[in-house]
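As a plain string of letters, each chain reads:
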Amino acid sequence: MPTRSPTGRLDKTLDMPISLERDGGHGCRRYRCRMRCPCGTGLPYGECCELLHLGTPAPTAERLMRSRFSAFAVNLPDYLLETWHPSTRPTELDLDSDVRWYRLDIESRERGGMLDNGGLVTFTAWFRSTDGPGSLHETSRFAREGGAWRYVDGIVDTRR
Ligand SMILES: [Zn+2]
C-alpha cells in the first residue's frame, strides 16, 4: 500500500474514526475495545486483528492480509515491517497520516491455507485522504517464512 514519507504525525493518525468508535471509560487498554475491527470481520478489534498484532501467528495468508490492513488503519508500522518478507521488506516505513483506511473487501484468495507455503489474496482497500476518497486494488503475494506467513509483494492498481 502506498505510504508517504515521513510525517511523524502519530497523534493525528490515532485520532481517527476508529478512535471515535472506541468504547471509552471501561478501562480497556488503547484499542482493545469493542470497536469493530477495521478488517471487516464484524468482530471487536480485541478479538480479531489485535490478537495478531500482539503476536498470535496468522494461520492463513488471508488472515495475515486482514491483520496488515488493520495495522495500516490503526497505524502499526512495526507490525507491517515484521510481517514483510525479508527479501522485500523496506528498511523503514512511514505511514501517511492523511490517509485513513476504513474498509477492506477480500475478493479472492488462492492457496494460502494451513498446508500451503504460498498464497495470493486479491482485495480492494478503501481510504479517504486530503485529496478525497480512493481505493486500492491489489493482488498480494504471501509466503510462509519460518512457519509464519509474510507479505512478499503485490500488483497494485490504484483508482481514485
Ligand atoms: Zn480484524
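Residues numbered from 1 in each chain as written. Predicted model: local features only at pLDDT ≥ 70, side-chain atom pairs only at ≥ 80, totals over all residues.

**Student:** Help me get a handle on the nonpolar core, residues and values and all.
**Tutor:** With 31 residues, the main nonpolar core has Leu64, Phe69, Trp101, Ala125 and Phe142 as its most contacted residues. Mapped onto this core, the elements with two or more residues apiece are α3 (49-53), α4 (61-73), α5 (77-82), β1 (100-111), β2 (118-129), β3 (132-145) and β4 (148-159). Looking at this core, the element that brings in the most residues is α4, giving 7 residues. In this structure, Leu64 is in contact with Ala58, Thr83, Phe142, Trp149 and Tyr151, ignoring residues within four places of it in sequence. (Core = buried A, V, L, I, M, F, W, Y, C linked by C-beta atoms within 7 Å. Buried ≥ 20, exposed ≤ 12 C-beta atoms within 10 Å, placed from the backbone. Helix = DSSP H or I, 4+ residues; strand = E, 2+ residues; numbered from the N terminus. Contact = placed C-beta atoms within 7 Å.)

**Student:** So, the pairing of β1: which residues are in play, and what are the values?
**Tutor:** When β1 meets β2, the two strands line up antiparallel, connected through 10 bridges. Residue pairing across strands places Trp101 opposite Phe127, the latter belonging to β2. Counting the residues in the hairpin turn of β1 and β2 gives 6 residues, including Gly112, whose phi is positive at 75°. (Pairing = 2+ DSSP bridges.)

**Student:** Describe unusual backbone geometry, naming the residues involved and giving the relevant values.
**Tutor:** Phi is mostly negative for residues that are not glycine, and the peptide bonds are mostly trans. For Asn75, which is not glycine, the phi dihedral falls at a positive 65°. Looking at where Asn75 falls in the secondary structure, it is placed in the loop between α4 and α5. We note that Arg111 has phi near 50°; this positive angle belongs to a residue other than glycine. Inspection of the secondary structure puts Arg111 in strand β1.

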